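Summary of structural features
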Amino acid sequence: MDLTVEALAKTIDHTVLKADTKQSKILQICEEALTYNFAAVCINPVHVAYAAELLKDSDVKVCCVIGFPLGANTSEVKAFETKDAVRAGAHEVDMVVNVGALRDENYELVRSDIEGVVSASGDAHTKVILETGLLIDDQKRKGCLLSKEAGADFVKTSTGFGPMGATPYDVRLMRETVGKDMGVKAAGGIRSFKDAIKMLDAGADRLGTSAGVAIVEDFRWAKYSDSWMQEDRPCWDCPSRQANLAKQPKEVYVWYKERCTICPDRSGNVFND
Amino acid sequence: MMSDTPLPYIESKILRVSLTENKTTTEPIPDDLYRNYLGGRGLGVKILYDTLSPKVDALSPENLLIFAIGPLTAMPVPTAGRLEVITKSPLTGTIFDSNVGGYIGAQLRRAGYAAIIFEGSSPTPVYLWINDEQVEIRDASKVWGKDVYETTDMLLGETDPKAQVACIGPGGENKVKLAAIMTDKHRAAGRGGVGAVMGSKNLKAVVVKGTGSVGVDDKDRLTEAVKRARHLIKKNAVTDKSLPIYGTSVLVNVTNEFGMLPTHNFQEGTFNDAVGVSGEKLLERLLVGRYNCFGCPIGCGRISRVGDQEVGGPEYETIWAFGPQCGINDLEWITLANHECNLLGLDTISVGSTIGCVMELYQRGKIDASMKFGSTEGLIDLIRDIGHARGLGAELGEGSRAFAEKNGAPELAMHAKGLEIPAYDPRGAQGHALGYATSNRGGCHLRSYLIGPEILGSPVRVDRDNPRGKADLVILYQNLSAAMDSMILCRFTNFAWTVDDYAEFLAAGTGLPVNGRDILEIGERIYNLERMFNNREGLSAKDDQLPPRFFSPLPEGNSRGRVVHLNEMLAEYYSLRGWDKEGQPSKDRIKRLKIDA
């Protein structure tokens, strides 16, 4: 395996977005980000100024989420939130797309919503969270194209609060859609170095995870056996397996589950592992 | 950095105790023994291999009983206070080591000893009292016949309340092959009948008080390594949450959910009342405190209240052994059965598993003694009879293999190489199954704990039902475990640490210039030498087997329909190990590992 521990660390946005986050937790993740030289810390707006101060003399970026986690704020609020975050020291903003508008095919609103954040972000990079678990494939592709047209720097799979996390399938679809010139960030449910490497292999160049330390530390096991990376059963990584009627629109859930019935690997669809 | 001064660990001595001659002597540790085998398990294995004649009766004076600590013992490295007991097992006939926590390991190191070798047999009961440099073999007639708790209290009263005691109970005195050696009353070097070996030597206890300091090669480097390691323990969900909050019994619900909580002597893999005997229920109903071994920030040990007693435990494997294995759902009773075993100095896994075997023998009409799954009636008395080698208890004290064979149903004993298989049905995890079959000490879950990756997803999840690639992981874990048992550090740390962390501790603490691959090579050397010992005793590939039950599908639950694919994995395992078809290390492998046999 050519990937080094250091290179893996530099793909990680060290993330803490829970409501109960105390300042001591922000201090901890910033210290860890410096220790491991992660790409960024990914945090809520209220913590940006503190993190920016802690990281001011480093190349670890401060990444702030915008319109998080629902993406349902007005464009004006998202733009203001972006300006405020950048003023407080954010180098990157991860905005949640207007998911409802995307599902309504109100593409002008989706595009302008993103453009507003891109414009407000100045030199900061903008990543657009699609929340893939609420979308079918054509909607994901459209979301990617609109993000690219609106001048965003990255597309990102999920918030981690939605119905699904990142899957290699979605990362591959997004990479194929946006091409080489735009970033793809996988986020949500990435807990091990095996998860991380699968996402990178699928085309991600940034990973959002709260398990950054474990991923990098555990990656030191990789050199002692090739068996860690042995291929898993296809269903394990399939978005259809994560589909959940309680959390998804009915038609989206059904769309995912119908794919199982025509899947060539359906015999492996055993939910006991 | 490699210091010019002798390695600190080398300053510790080997204490040789001739029980036959009532004499003690000390000797230095040969430098190459330390460098090639570290200490603990490795040191004991090397000494046993070099000293014991093949086919020695494990309960004869010719057998050796070795207590050994490791080069990291009593350093500020988390969990570095454990003790290894190494001997030839009367239960399995294999080489055997049993690892125990508590505090006695650190005291032994501070007294200046790396190991104690007990030779021969005393004509009368004795105990060894080590008070730093002073060593005495003392009369133990007053405590002979006493249980573990009484013995511990009486010997501390007779020596020093600040000392630590490792002792046997009636089980060891009566040479019961399921007897343990107990420290701090309820911590057990449990498996393989090491307590019986101690009893066969008329050695009731070892009492140690050590007050010396322990040298460190590079204090700053070790401090940094320890700081990092503690941080990793805090970051890990298993070591920071599951184990401290629920203890090892957090696994009851987990293995049940995976359909591999052995129930009714491994006839099923799910237990209807699992929740009632789970770690969560233990926390709600009985727990009064946690127990941390020396230098341990995890604290998986439990202190429970039953009636008016506060008792140690129970651990996951014990809950399983007296619970689902026997079809029993009474958590209070399980806790009392555990305590009874601690008083008697018995291995809870083998005792519970053997009782479960007897219950199935009764279920299938093979024996007359009324022993029904699910009934606790008379079982505490039976456990006492096992400890005192009385009646049916005396027969069960020989272990499930001997008892099932005697009653015409050897297939109903759930063992590997004579050691009862613990609380994970191997049909639910292929790699773990291979670990059971190839363990040098028999059915042991700790030689290669593939439950980590296969069930808990640590460090990554691997497909538990896929035999491919498992041999490689089993070998990695077996080699690392051998090295860890030689340093000595607790197995639970490798949820949070990697091979490289162990190497860093060793390098910083002792000056031994090692990296992760060196550590694994030392472990491989130890594992192969153990194998050579067993080969010399007549064990071969035919013994790397599992009971026939595991080649029939589980009838229900989330491992339903699964069987162990052992032969497929064994072929790959032997090939990767460099062993021939009989399971013997090749000359090339022995040479590469520099095993001076």
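Residues numbered from 1 in each chain as written. Chains lettered and ligands numbered in written order. Predicted model: local features only at pLDDT ≥ 70, side-chain atom pairs only at ≥ 80, totals over all residues. Heavy atoms only, no water.

Some words on the overall build of chain B
The secondary structure content of chain B amounts to 23 helices and 17 strands. Based on the C-alpha atoms only, the size of chain B along its principal axes is roughly 65 × 55 × 45 Å. Taken over 597 residues, chain B has a buried fraction of 66%. Accessible surface computed for chain B: about 19,100 Å², of which carbon and sulfur atoms make up 47%. (Helix = DSSP H or I, 4+ residues; strand = E, 2+ residues; numbered from the N terminus. Buried < 20%, exposed > 50% of the residue type's maximum accessible area, 1.4 Å probe, protein only. Areas by Shrake-Rupley, 256 points an atom, 1.4 Å probe, with all protein chains shown as cover.)

Comments concerning the pattern of salt bridges
Once the charged atoms of two side chains with opposite charge are near each other, the side chains can pair. Overall, the coordinates contain 70 salt bridges over all chains when judged by the stated rule. In this structure, the salt-bridge partner of Arg447 of chain B is Asp485 of chain B, at a minimum N-O distance of 3.9 Å. You can see Arg447 of chain B sitting in the loop between α17 (430-438) and α18 (451-456) and its partner Asp485 of chain B sitting in helix α19 (residues 470-487), a full 38 residues away along the chain. When its relative accessible area of 4% is taken as the criterion, Arg447 of chain B is described as buried. Looking at Asp485 of chain B, the relative accessible area reads 1%, which means it is buried. It is possible to trace a salt-bridge network through shared partners that takes in Asp13, Glu92, Asp94, Lys127, Lys156, Lys185 and Arg206 of chain A. (Salt bridge = Lys/Arg side-chain N within 4 Å of Asp/Glu carboxyl O.)

Details of the packing of aromatic side chains
Per the counting criterion, the structure on display carries 22 aromatic pairs over all chains. Measuring from centroid to centroid gives 5.9 Å for Trp221 of chain A and Trp228 of chain A, while their planes differ by 70°, and the two rings are edge-to-face. Given a relative accessible area of 0%, Trp228 of chain A falls into the buried group. The interplanar angle of 90° and the centroid separation of 6.3 Å between the aromatic rings of Tyr449 of chain B and Phe495 of chain B together place this pair among those described as edge-to-face. Of the two residues, Tyr449 of chain B sits in the loop between α17 and α18 while Phe495 of chain B sits in the loop between α19 and α20 (499-510), which places them 46 residues apart along the sequence. Judged by relative accessible area, Tyr449 of chain B falls into the buried class, the value being 9%. An aromatic cluster is defined as three or more aromatic residues linked by ring pairs; in this entry it consists of Tyr316, Tyr424, Tyr449, Phe492 and Phe495 of chain B. Directly above the ring of Tyr169 of chain A sits Arg259 of chain A, whose terminal nitrogen or CZ lies 4.7 Å from the centroid. Sitting above the plane of the Tyr113 of chain B ring, Lys13 of chain B keeps its charged end 5.6 Å from the centroid. (Phe/Tyr/Trp six-rings, centres within 6.5 Å; stacked < 30°, edge-to-face > 60°. Lys NZ or Arg CZ within 6 Å of the ring centre and 35° of its normal.)

Here we look at the confidence of the model for chain B
When pLDDT is averaged along chain B, the result is 96, and 99% of the positions lie at 70 or above. Model confidence for the complex is summarised by a pTM of 0.96, with the ipTM given as 0.92. (pLDDT = per-residue confidence, 0-100.)

Re the interface of chain A and chain B
On the side of chain B, 31 residues touch chain A, which itself brings 23 residues to the contact. Of the roughly 2,600 Å² buried between chain A and chain B, counting both surfaces, carbon and sulfur atoms make up 54%. Along the contact surface separating chain A from chain B lie four salt bridges. Residue Asp500 of chain B is joined to Lys223 of chain A by a salt bridge in which the shortest nitrogen-to-oxygen separation is 2.6 Å. Counting every contact that joins chain A to chain B gives twelve residue pairs in polar contact (both at pLDDT 80 or more). Elements with a contribution of two residues or more to the side of chain A that touches chain B: α2 (23-36), α9 (193-202) and α10 (212-218) of chain A. For the side of chain A that touches chain B, a count of residues per class yields seven nonpolar, six polar and ten charged. (Contact = heavy atoms within 4.5 Å. Buried area = accessible area lost by both parts, 1.4 Å probe. Polar contact = N/O pair within 3.5 Å; in protein donor to acceptor, adjacent residues only side chain to side chain. Nonpolar A, V, L, I, M, F, W, Y, C, P; charged D, E, K, R; others polar.)

Here we look at the sheet that holds strand β5 (residues 125-129) of chain A
All names here are of chain A. What the eight strands build is a closed barrel, ordered β1-β2-β3-β4-β5-β6-β7-β8; its pairing is parallel. On average, each strand axis in the sheet is tilted by 25° relative to the strand beside it, whichever way the strands run. Inspection of the sheet shows strand β6 (residues 154-156) paired to strand β7 (residues 183-187) by three bridges, in the parallel sense. Bridged to Val155 within β7 is Val184. (Pairing = 2+ DSSP bridges. Axes fitted to C-alpha atoms, helices over the stretch in contact; angles between N-to-C directions.)

Observations regarding helix α13 (residues 250-261) of chain A
All names here are of chain A. Between the first and last C-alpha of α13 there are 17 Å, a value that for twelve residues agrees with the 16 Å anticipated at 1.5 Å per step. For α13, the set of buried residues is Val252, Tyr256, Arg259 and Cys260. All buried residues of α13 lie within an arc of 115° about the axis, which places them on one face of the element. Turning to α13, the residues buried within the fold contact α5 (99-103), α7 (137-149), α8 (168-178) and α12 (239-242). (Expected span 1.5 Å × (residues − 1). Arc of directions from axis to C-beta.)

A look at the side chain of His339 of chain B
Here His339 of chain B shows up in helix α12 (residues 331-344). One polar contact links His339 of chain B to Gln309 of chain B, side chain to side chain, over a distance of 3.4 Å.

Quick look at the environment of Leu128 of chain B
Residues and elements named next belong to chain B. Among the structural elements, Leu128 can be located in strand β7 (residues 126-131). Expressed as a C-alpha distance, the spacing of Leu128 and Val17, which sit 111 residues apart in the sequence, is 8.9 Å. When residues no more than four places from it in sequence are discounted, the contact partners of Leu128 are Leu15, Val17, Thr24, Ile116, Phe118, Val135, Glu136, Ile137, Leu203, Ala205, Val206 and Val207.

Quick notes on the domain arrangement of chain B
All names here are of chain B. Its domain assignment divides chain B into domain 1 (13-209), domain 2 (246-413) and domain 3 (426-592). Each of domain 1 and domain 2 has a C-alpha centre, and these two points are 26 Å apart. In total, about 2,500 Å² of surface goes out of reach between domain 1 and domain 2, with carbon and sulfur atoms giving 57% of it. The interface formed by domain 1 and domain 2 holds three salt bridges in total. Where Glu315 meets Arg187, a salt bridge forms, and the shortest distance between an N and an O atom there is 3.6 Å. At the junction of domain 1 and domain 2, the tally comes to 15 residue pairs in polar contact (both at pLDDT 80 or more). The greatest single-element share of the side of domain 1 that touches domain 2, amounting to three residues, is contributed by helix α5 (residues 170-173). Considered class by class, the residues forming the side of domain 1 that touches domain 2 number 16 nonpolar, eleven polar and eight charged. (Domains from an automatic or database assignment.)

Details of the pairing of strand β2 (residues 40-43) of chain A
All names here are of chain A. Burial of the side chains of β2 extends over both faces: Ala40 and Cys42 are buried on one face and Val41 and Ile43 on the other. Where strand β1 (residues 12-15) lies against β2, three bridges are found, and the strand directions are parallel. Note on β2: the bridge partner recorded for Asp13 is Ala40. Pairing geometry for β2 and strand β3 (residues 61-66), over four bridges, is parallel. Across the sheet, Cys42 pairs through a bridge with Cys63, a residue of β3.

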